[in-house]
Structures are given as structure tokens and as C-alpha cells.
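Below are the chains, spelled out letter by letter.
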2 protein chains.
Amino acid sequence: MWILLVEDEKQLASSVQRGLEEEGHVVEVMHDGEQAELQGLVNDYDVVILDWRLPNRDGKQILEHWRAEDRTFPVLMLTALSDLDHKVSGLDAGADDYMSKPFSFEELLARIRALGRRSSEMTNTETVSAGPIELDARKHWVKVCGIKRSLRPKEFILLELLLKEPETVFSKTQIAERVWGSPYYVSDNTIEATISTLRQKLSESFEECKEMSFEQSPKVIETIRGAGYRLNSDIVNIEQDTRE
Amino acid sequence: MWILLVEDEKQLASSVQRGLEEEGHVVEVMHDGEQAELQGLVNDYDVVILDWRLPNRDGKQILEHWRAEDRTFPVLMLTALSDLDHKVSGLDAGADDYMSKPFSFEELLARIRALGRRSSEMTNTETVSAGPIELDARKHWVKVCGIKRSLRPKEFILLELLLKEPETVFSKTQIAERVWGSPYYVSDNTIEATISTLRQKLSESFEECKEMSFEQSPKVIETIRGAGYRLNSDIVNIEQDTRE
DNA sequence: ATGTTTTAAGCTTTATTTAAGGTTTTATTG
DNA sequence: CAATAAAACCTTAAATAAAGCTTAAAACAT
């Protein structure tokens, strides 16, 4: 999932980030309220984790603004134990769940999962698939024609992104944000190189699918010049002429 | 077992915690009613020990809420001797057993054991196993090919965790919580070192299994880079193709 | 004093990014 | 309408960085 974490205690933030990333999520961290607010106006995260006490703006203000602008992602609010009375006002403001610090990771993960289930993108399905490709983010595997393949973390998340919304074109900027967790510091070439190795692994895999004898490996990940990449979900119909 | 202990008298709590940990359980302690309530909504403990008098919420309220939300773990309620009349209302509210303070530790252990036997995770099978590895949490032994092995406490609990849910990937953060009882203060390296010694002991053991002559010790505990560890339950099928 | 756990250090393996040179497509211009 | 230039993209290998492993020694606990 694509998660925004707004938390100014840097140490807590980074340990939460790590825990979530270990679970296979992509986490964007913001320490500043104002910045976070803008970010939430612009991106459709699967879940937002929002600290209630922040520099520049408090969590409630931010959340109210988001809801006023019809941002619908689920929000999990974090409060200090001493601020428990904020719970009600937070839920009124449109939070979907709340948690007080300190908390256990198992608990956080479970809540994130619960919220994500509500979220549009994650609807129920643990595994996503297109044609002979299946991917289970929770269990950390990808299968091509039923055979497990190992991908590196970045390749894995990238494929997951494309699989979840086949036919959708993702720009490099979007990919940077949703795979690397930040649109900055990621060069185009980094993305190109990752796409390249991912394609290689996929087409090697196809070659080993004897049952479905491909004349040539279908191009699963298409390049849309000047725009980005997309997953071609027609890969089931192999005998088609793939020329335009 | 994974136990939640809800008790506001800190001294009592920590001595009970210690006692249970010596028995090989993983104990999470909460002193606050409200926090504990949330914790119980989210985690599937094997047993919960719940004090009846608590700050912020009383035990009965908490338990009723849990049961209303279909939380099925067994709950052992603790009451002060003077509150013995609460016994009936407590059992009505869904407690599985009760005990009045002060109590003997032996008695507590016996009751925990009894409850644990009922618990979903431990259901009827006292021992968990995968291939030639068997582990009995209650009797505190591990056998590899029928031969008893001694493991240190942390190694033991870690193996138990992995064995109970083979194929599931546990992240370092999760392991920290479920083996050490807290996701904080446990460094990666601590976990790595424990995994390392555990693996060594397991593979030494395999080498002594003449009957099942392994070409090389199968890798029972797999590392999923960037994600965590998991137990490979295919260890029975030794002639498997281990290629990816 | 003994067994256990944690830390520290050096090491190995794997992943990611960069860099360089190559294609292909699109745009420009003689 | 070529020819050429420019941009976007691809590929591979090398360099860098990160994650994990192992061992011994220090710290902790019983």
C-alpha cells in the first residue's frame, strides 16, 4: 500500500516507516504539518497516519481541510496518551481510527490492514494478477505460470503497482513516488534500469512456460513514450499480432 | 504463548510478567485500561489476564466490548479479595476463569495452562511440527528426527513462532514484538545473531539424522531480504528443486 | 561461576544506483 | 523527402550501498 506518515518525532517516524516497509508498503514521511497538508490534497494514498500534535498546524485542522476538499482516504490518528480526550474530536473531524502512543507494531499493522481493506485500491484481494502473472504482496511472492520467481524489492513493488491498475499509464514521477516513496532523488535512469531488469526477469519466466508456448515473449510492460509505462493486461491473448 | 497482562499495580505486573516469561511465554504488559482495550481488539493473544479494577475503564466494560467484537481469546480475570462478588458478573461478561488476589504463582500458571489449552492457536495440538522438527511449548522441548535438542529461551520462542505459521514471513519488527515482547530496544543484530545460532543448532541436528541422509542440511529458516524470515515447511521433500 | 543475551567487528552476499554507449522515435531543416 | 539532430529510452557492467551473517568477547542474569 501507499502510505503517508505524518509525524514530527523523527525517531518514531523512522521506526514506524521501517516496520511498514518491511511489510511491503511504500511509505512517505513528512515531519511538517503544512507540507503534509498539501501532500494529502494532491495524492490518493491508501492510508494516512496522522499525528495530532504537529508543528505549524495541528492534525485536526489538516484533517478537516482534507475532508472539506473531499479527500476520502482513511486516516489513522495518533495521539499521545495524555491527549486521549482528543479522540472524540478527531473522529468527528473525519478520522477513521485512532491510536495512542506508545503502541505495538502488531497493533499498528493490524489497523493499517483493516483500514486498507476499506480503501478503494486494496479491495479484499490479497493477490493481484494479470494473465499468467500473480503477485501476493503479503506473502511476498510472484508467480509466472504458477512458478515462483524471485524479484528484488524495488522490482517487486514496481510490478505490484502496475498490476494493480493495468492499462493505467504511470509516469516516471508517479513511479518515483509510489515505488521509492519520494519523487526527489530518483533519477530517470534508475527507473529505466529497474524496468529493464524487471522486463528481463519476466520474459525469462515466460520462456519457461512450456505449456503456453509463446512465439516470442509478450511485452507485458509497455513504454508510452513521453508519458510513462503501463501494464498490458492483454497478455492472456497470446496469439494476437502485437503490432499496431 | 502470547499473553496480554492488564494490571495497573506495576510491581505485581512485573513480577507476574517475569514469572510467565520464565515459563517461556511472551508477555505484553499494559497498565492502562483504555490502551489495553484497543490492544485486545487488534491482537489475537493466546490468553489475556485482566485486572478488574483499572484506571480509565473497568475490566468488565473492557471485556464486554471485546466479546461484542467477537474477540475469542480466553480471559482470566483478577479481582481483589474484597470484590469477590464480582465473580459472577465477570463470568457473565465472558471471562473464562477468575482468580482473586493475592494468589499463588503456581495457581496462576496452572490456570494459564488450562486456558491456553482452550485457546485457538494451541487447539488440541500441544506440539507443533514441520517435517522432522517437533516442538512442544508446554513441555519445553524440541526434537529433530526424534532426538531432543536444547535451545536457549529466545531461540526456542523464535522457532515456536516460525513453526506455528510456516510460510508466513515475519519481519524483524514483528519478531521483536513477538519474541522479545517489544519492538523497541531490540536491535537488528540481536535478531540476526539469534537466527544465526538457531540455524546452526538446527543444521547440526540434521547432520545427525542418519536415517534421512540429507545431501546438505536443508535451509529451514529462509531469509527474505528486506522483508524478514520464514519457515520453509517443504523441508520434508528434500529432493525438491530449490531453484527460484 | 555459569549460562544466556547483547554488542561489536569484520565479512559476505545481494540490491541499487550510476555511468557510458547504444537504440529508437520524434522533430527539425536543407 | 531525406538527412540530421535531439530527445527519450534501453542495456550492461562497474561502483556504491545496504542487508544480513558469523564469531568472539562483553555484559547481564541467575
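- Within an unreviewed UniProt entry, the label attached to chain A reads Response regulator transcription factor, and the organism entered is Fodinibius halophilus.

**Comments concerning helix 2 (residues 33-42) of chain A**
Residues and elements named next belong to chain A.
So, point 1. Residues of helix 2 that are buried: G33, A36, E37, Q39 and G40. Within helix 2, the buried residues cover an arc of 165° as seen down the axis, which keeps them to one side. For helix 2, the exposed residues lying more than 90 degrees away from the buried face are L38 and V42.
So, point 2. Buried residues along helix 2 sit against strand 1 (2-6), strand 2 (26-30), helix 3 (59-68) and helix 7 (172-180).
So, point 3. Its side-chain oxygen placed 3.1 Å from the backbone nitrogen of E34, D32 serves as the N-cap of helix 2.

**Section: the sheet that holds strand 6 (residues 127-130) of chain A**
All names here are of chain A.
So, point 1. Pairing is antiparallel across the open sheet formed by four strands, whose spatial order is 6-7-8-9. Lying at the two open borders of the sheet, with one neighbouring strand each, are strand 6 and strand 9 (147-149). Each neighbouring strand pair of the sheet contributes to a mean axis angle of 25°, computed without reference to strand direction.
So, point 2. Across three bridges, the pairing between strand 8 (residues 141-144) and strand 9 is antiparallel. Directly across from V144, in strand 9, lies its bridge partner I147.
So, point 3. Contacts from helix 6 (residues 153-164) reach strand 6, strand 7 (133-136) and strand 8 within the one sheet, and its direction differs from that of strand 7 by about 115°.
So, point 4. Taken strand by strand, helix 8 (residues 188-207) contacts strand 7, strand 8 and strand 9, and its axis lies near 45° from that of strand 8.

**Section: unusual backbone geometry**
All names here are of chain A.
So, point 1. Look at H140: it is not a glycine, yet its phi comes out positive at around 65°.
So, point 2. Take H140: it is sitting in the loop between strand 7 and strand 8.
So, point 3. Judged by its relative accessible area of 22%, H140 falls in the partly exposed class.

**Re the protein's contact with DNA strand D**
So, point 1. Close to DNA strand D lie 23 residues, the nearest being K172, T223 and Y229 of chain A together with K172 and T223 of chain B.
So, point 2. The share of sugar and phosphate among atoms of DNA strand D within 4 Å of the protein is 68%.
So, point 3. At 2.8 Å, a backbone N or O of G226 of chain A approaches a phosphate oxygen of DNA strand D.
So, point 4. Between Y229 of chain B and DNA strand D, the recorded distance is 2.6 Å, taken from a side-chain N or O atom to a phosphate oxygen.
So, point 5. Of all the secondary-structure elements, those providing two or more residues to the surface near DNA strand D are helix 8 and strand 10 (221-224) of chain A together with helix 8 (188-207) of chain B.
So, point 6. Considering only residue class, the surface near DNA strand D consists of five nonpolar, 10 polar and eight charged.

Criteria and cut-off values
- Residues numbered from 1 in each chain as written.
- Chains lettered and ligands numbered in written order.
- Predicted model: local features only at pLDDT ≥ 70, side-chain atom pairs only at ≥ 80, totals over all residues.
- Heavy atoms only, no water.
- Buried < 20%, exposed > 50% of the residue type's maximum accessible area, 1.4 Å probe, protein only.
- Helix = DSSP H or I, 4+ residues; strand = E, 2+ residues; numbered from the N terminus.
- Arc of directions from axis to C-beta.
- Contact = heavy atoms within 4.5 Å.
- Polar contact = N/O pair within 3.5 Å; in protein donor to acceptor, adjacent residues only side chain to side chain.
- Pairing = 2+ DSSP bridges.
- Axes fitted to C-alpha atoms, helices over the stretch in contact; angles between N-to-C directions.
- Near = heavy atom within 4 Å.
- Nonpolar A, V, L, I, M, F, W, Y, C, P; charged D, E, K, R; others polar.

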